[in-house]
Amino acid sequence: MKQIKEISLIAILAVSIASALAVQAAGQAPQPANEAAGAVSAGNALFQQNCAFCHGRDAMGGETGPDLTQSKLVRSDTTGEKIAAVVRAGRPDNKMPAFNFSAQQIDSLVAYLRARIAAARAGDRRGVDPSDLQTGNVAAGMAYFNGAGGCSNCHSPTGDLAGIATRYQGLQLEERMLYPKGAKSTVAVTLPSGQTISGTLAYLDEFTVALRDSGGTYRSWPTNQVKYRVDAPVDAHVTLFSKYTDDDIHNLMAYLQTLR
Amino acid sequence: MKLLRNRLAFAAGTLLFAAWCSFSACPRLLMAQDLESAQLLNPPPDSWPLYHGDYSGERHSRLTQITPGNAGDLSLAWAFQTGQNADIKSSPLLVDGVLYFTVPDHVWAVDALSGHMIWHYYRRSTKGLHIGHRGVGMYKGWLYFTTPDCHLIALNAKDGTVYWDKVFADVDRGYWSTMSPLVVGDHVIVGVSGDFDNLPGYLRSLDAETGDTQWQWDATPPAGTLNSPTGGMTWMTGTYDPGLNLVYWGTGNPTPVLNGRPRPGNDLYTCSIVALNPDTGKLVWSFQPSPHDTHDWDAVETPVLVDGDFHGRPRKMLMQASRNGYFFVLDRTTGKGLLTTTFGPVNWSLGVDAQGEPIPNPEKEPAPDGRLIAPDEGGLTNFRAPSFDPKTGLFIVDAHPSYSIYFAKPADGAYGWAGADYGLWGKGVIEAIDYETGKIRWRHEVGPGGSGAGVLTTDSGLTITGDSAGNVLALDTASGKTLWHAGTGSGMSSSPICYELDGREYIVTGSGSVLFAWALPENGNATR
């Protein structure tokens with residue numbers, strides 16, 4: 001009987017600890033005011049050491065890193081899980097490293113970011129507001145789209161770009177307009193046998209080329225054993241960089257923002 | 001003069017010794033882990049005694065065991081796992097058979113023969129940005145280690161214990177530090193970082209033995225001076241000409257960063273290359289790669305010192321591939337510009353003035369509705385080191401053609417960053433620049449996004465660098481063609497070094513959190 005009592009006690013303790021940890025990890029436990037302030041302070045210290053260089057000391061943007069107080073992901077993250085995921089995995093394409101922080105450390109960062117959002121006043125913002133990006137002319141933008149910009153070669157206001165300004169606004173729309181990160185390329189790989197396999201480009205460096213074929217299967221080859229040709233429509237955006245005037249860009253933005 | 005004569009005698013003796021060592025498989029006689037001035041002036045082949053390898057900053061090794069002919073046989077001699085998450089951004093030092101390298105808060109001493117750890121020093125700094133660390137400096141039996149919270153710690157190289165600890169900047173005002181100190185004579189020269197506050201950048205010289213402050217050189221007037229910048233942070237390690245007795249240092253961008261209105265004029269000495277007397281810290285000459293900068297383009301890239309002909313005349317030159325997209329060749333005696341040219345897409349200037357300094361276009365200053373700028377904030381190059389190869393006359397740099405948008409509006413104020421900028425696109429290209437003309441003789445693409453790898457060249461005609469996919473590359477210096485590669489699993493954010501030990505040439509690279517040593521197999525067998 002004594003053994004059963006001990007096991008029950010241990011089990012109760014274990015469940016209590018586990019649930020306390022789970023609650024802490026989810027960041028949902030209501031905290032007394034001084035604990036919350038402690039979390040913000042700890043998050044501030046951690047943020048200054050590890051994040052401030054890119055995201056700025058007040059999280060409003062710094063060297064290459066975006067203004068987190070205006071980030072959709074940060075502002076919509078009620079549990080802290082989305083922020084945790086980004087911090088733990090990093091954003092390799094955008095040169096953000098991965099950080100192996102504990103659950104408590106991440107909680108403190110989330111608390112700090114929430115405090116920064118609350119504290120940011122409109123006049124203080126150093127991010128880019130959609131209202132900053134309204135200096136262009138719609139007609140000139142449409143003319144550029146159909147003319148010198150060459151955009152209509154690949155894009156259509158009633159086709160792929162229909163509703164684009166509903167999907168994206170402000171800085172995010174302008175960044176995607178200038179260079180859409182994540183745009184896919186295709187590749188055709190010719191094997192020594194003469195057979196050609198085509199698919200979505202999955203990986204390319206000097207030594208390895210890989211694709212996902214029409215069935216979704218990943219296949220790769222040494223570049224010195226095959227011939228391959230990449231078709232990257234997104235390169236047209238890169239070609240335009242040396243051609244745009246700043247007025248062209250503002251006018252294009254004005255035009256695209258009509259495509260709601 | 002007596003000191004100079006003694007140094008020359010030491011240097012001559014060391015040269016003879018080094019020459020003998022390079023012809024025979026010379027056993028390591030100096031087991032004391034000591035580094036004298038003579039070795040810094042003329043590093044023997046079994047050493048890499050400062051960040052650049054030597055005072056010239058050419059990052060060019062005289063070793064010839066690994067050649068274009070046999071580089072295809074390179075293999076892993078050993079790897080050292082740091083067991084922590086920060087990327088290695090330091091160049092290791094190699095002195096007396098021991099490698100010393102860092103990440104923020106950490107120094108490791110590793111046996112260069114086996115890759116095993118000898119000691120590890122960890123000092124947790126709770127303040128100051130931990131963005132990266134370039135490595136230690138060394139003199140006699142001491143290592144000099146900067147910390148994020150701006151301490152300079154002198155460590156005993158034998159065992160990593162602390163000899164002294166001096167504060168050289170106030171982290172609470174917004175300074176932090178990442179750089180590898182430069183040791184010249186008994187001067188340990190340190191620099192600071194700090195772009196998020198309006199703070200003057202500076203260099204400070206501390207006594208190698210006691211840590212006492214010897215002099216300070218300030219890059220700008222004090223904060224609050226009307227119509228003047230602050231900034232000019234001294235992020236990286238300078239170079240030194242013992243004959244002219246001048247240290248050459250690059251300074252960072254002005255603050256406020258993206259708002260140039262409070263600081264009209266050229267904003268001296270931000271984004272400048274300055275020549276200082278290392279004994280007094282007095283300015284001898286200056287040249288400004290980026291006058292009135294509004295794009296965060298530090299001019300702190302290596303000021304590479306080259307003696308050679310320029311358009312038929314022997315010159316003592318200084319070369320810099322600068323963040324803002326310009327490549328400069330100067331006469332390092334006077335600071336006179338010899339050549340100014342771009343080495344990639346640049347769209348922010350109206351050309352170059354009579355001194356060879358770029359003229360910024362006011363239309364390309366950050367604006368409320370944004371300006372398209374080439375290159376991006378990270379620059380056409382950055383802290384990854386270039387290399388100069390004397391045989392081909394090629395200045396080889398890991399370049400980053402790129403585009404970005406820059407914003408600044410009155411609401412952003414005049415403090416710290418004072419605006420926002422966003423990179424749009426970039427890629428990495430290794431470029432071999434003919435220093436007399438600025439023409440790019442060959443290009444080697446290294447991938448979308450860009451590569452963080454520095455460049456090392458060797459007398460045998462090898463160029464060692466890395467691509468954006470984590471491959472270490474050995475290229476043929478004459479043509480840029482790939483001779484060998486190895487996938488390390490993480491892009492390099494540091495610059496390679498090279499040394500000889502017990503008759504075997506090693507190339508050491510750091511990528512991710514791992515240090516790799518590469519060498520030819522011994523006796524044709526697999527690496528022992």
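Treat the numbers as computed from the prediction; the structure is a model and nothing was measured.

1. Focus: the overall build of chain B
A tally of helices and strands in chain B yields two helices and 39 strands. For chain B, the C-alpha atoms occupy an extent of roughly 65 × 50 × 50 Å along the three principal directions. By element, 53% of the accessible surface of chain B is carried by carbon and sulfur atoms, the whole surface being about 17,100 Å². Mean positive and mean negative side-chain charge positions of chain B (37 and 54 charges, respectively) differ by 2 Å.

2. Concerning the domain arrangement of chain A
Many analyses report the size of an interface as the accessible area lost when the parts associate. Domain assignment breaks chain A into domain 1 (9-127), domain 2 (132-181 + 235-256) and domain 3 (186-231). For domain 2 of chain A and domain 3 of chain A, the distance between their C-alpha centroids amounts to 32 Å.

3. Notes on the interface of chain A and chain B
Contact with chain A, which involves 39 residues of that partner, is made by 48 residues of chain B. A salt bridge links Asp 197 of chain B to Arg 57 of chain A; the shortest N-O distance between them is 2.3 Å. For the interface between chain A and chain B, the tally reads 14 residue pairs in polar contact (both at pLDDT 80 or more). Sorting elements by how many residues they give to the side of chain A that touches chain B places helix 9 (residues 170-178) of chain A first, with four residues. Class assignment of the residues belonging to the side of chain A that touches chain B gives a composition of 14 nonpolar, 11 polar and 14 charged.

4. Structural notes on the sheet that holds strand 7 (residues 137-139) of chain B
Residue and element names in this part refer to chain B. Taken in spatial order, the four strands make up an open sheet running 7-8-9-10, and their pairing is antiparallel. Two strands lie at the open edges of the sheet, namely strand 7 and strand 10 (162-167), each paired on one side alone. On average, each strand axis in the sheet is inclined to that of its neighbour by 20 degrees, with strand direction left out of account.

5. Observations regarding the pattern of salt bridges
Residue and element names in this part refer to chain B. Counted according to the given criterion, the structure contains 16 salt bridges over all chains. For Asp 307, the salt bridge identified is with Arg 332, shortest N-O distance 2.6 Å. Linking Asp 307 in strand 21 (residues 304-310) with Arg 332 in the loop between strand 23 (326-331) and strand 24 (337-342), this pair joins segments that are 25 residues apart in sequence. Here Arg 332 falls in the buried class, since its relative accessible area comes to 4%. Across the salt bridge formed by Asp 369 and Arg 371, the nearest N and O atoms sit 3.0 Å from each other. Its relative accessible area of 10% is what places Asp 369 among the buried residues.

6. Some thoughts on helix 6 (residues 103-119) of chain A
For an α-helix, 3.6 residues make a turn, and residues three or four places apart therefore share a direction. For helix 6 of chain A, built from 17 residues, the straight-helix expectation of 24 Å at 1.5 Å per residue is met to within 8% by its first-to-last C-alpha distance of 24 Å. Every buried residue of helix 6 of chain A is listed here: Ile 106, Ser 108, Leu 109, Val 110, Ala 111, Tyr 112, Leu 113, Arg 116 and Ile 117 of chain A.

7. Digging into the side chain of Thr 223 of chain A
All names here are of chain A. Mapping Thr 223 onto the fold places it in the loop between strand 4 (218-222) and strand 5 (227-231). For Thr 223, a relative accessible area of 14% translates into the label buried. With near-sequence residues (within four places) excluded, Thr 223 lies in contact with Asp 205, Glu 206, Phe 207, Thr 208, Val 209 and Tyr 228.

8. What to know about the sheet that holds strand 39 (residues 514-519) of chain B
Residues and elements named next belong to chain B. Strand order across the open sheet formed by four strands is 2-39-38-37, with antiparallel pairing between neighbours. Only two strands of the sheet have a single partner each, and these edge strands are strand 2 (75-81) and strand 37 (497-501). Going across the sheet, the axis of each strand differs from the next one's by a mean of 25 degrees, ignoring polarity. Where strand 37 and strand 38 (residues 504-511) come together, five bridges link them in antiparallel fashion. Residue Glu 500 lies in a different strand from strand 38, and its bridge partner there is Glu 505.

Basis of the calculations
Residues numbered from 1 in each chain as written. Chains lettered and ligands numbered in written order. Predicted model: local features only at pLDDT ≥ 70, side-chain atom pairs only at ≥ 80, totals over all residues. Heavy atoms only, no water. Helix = DSSP H or I, 4+ residues; strand = E, 2+ residues; numbered from the N terminus. Areas by Shrake-Rupley, 256 points an atom, 1.4 Å probe, with all protein chains shown as cover. Lys, Arg positive; Asp, Glu negative; His and termini not counted. Charge placed at Lys NZ, Arg CZ, Asp CG, Glu CD. Domains from an automatic or database assignment. Contact = heavy atoms within 4.5 Å. Salt bridge = Lys/Arg side-chain N within 4 Å of Asp/Glu carboxyl O. Polar contact = N/O pair within 3.5 Å; in protein donor to acceptor, adjacent residues only side chain to side chain. Nonpolar A, V, L, I, M, F, W, Y, C, P; charged D, E, K, R; others polar. Pairing = 2+ DSSP bridges. Axes fitted to C-alpha atoms, helices over the stretch in contact; angles between N-to-C directions. Buried < 20%, exposed > 50% of the residue type's maximum accessible area, 1.4 Å probe, protein only. Expected span 1.5 Å × (residues − 1).

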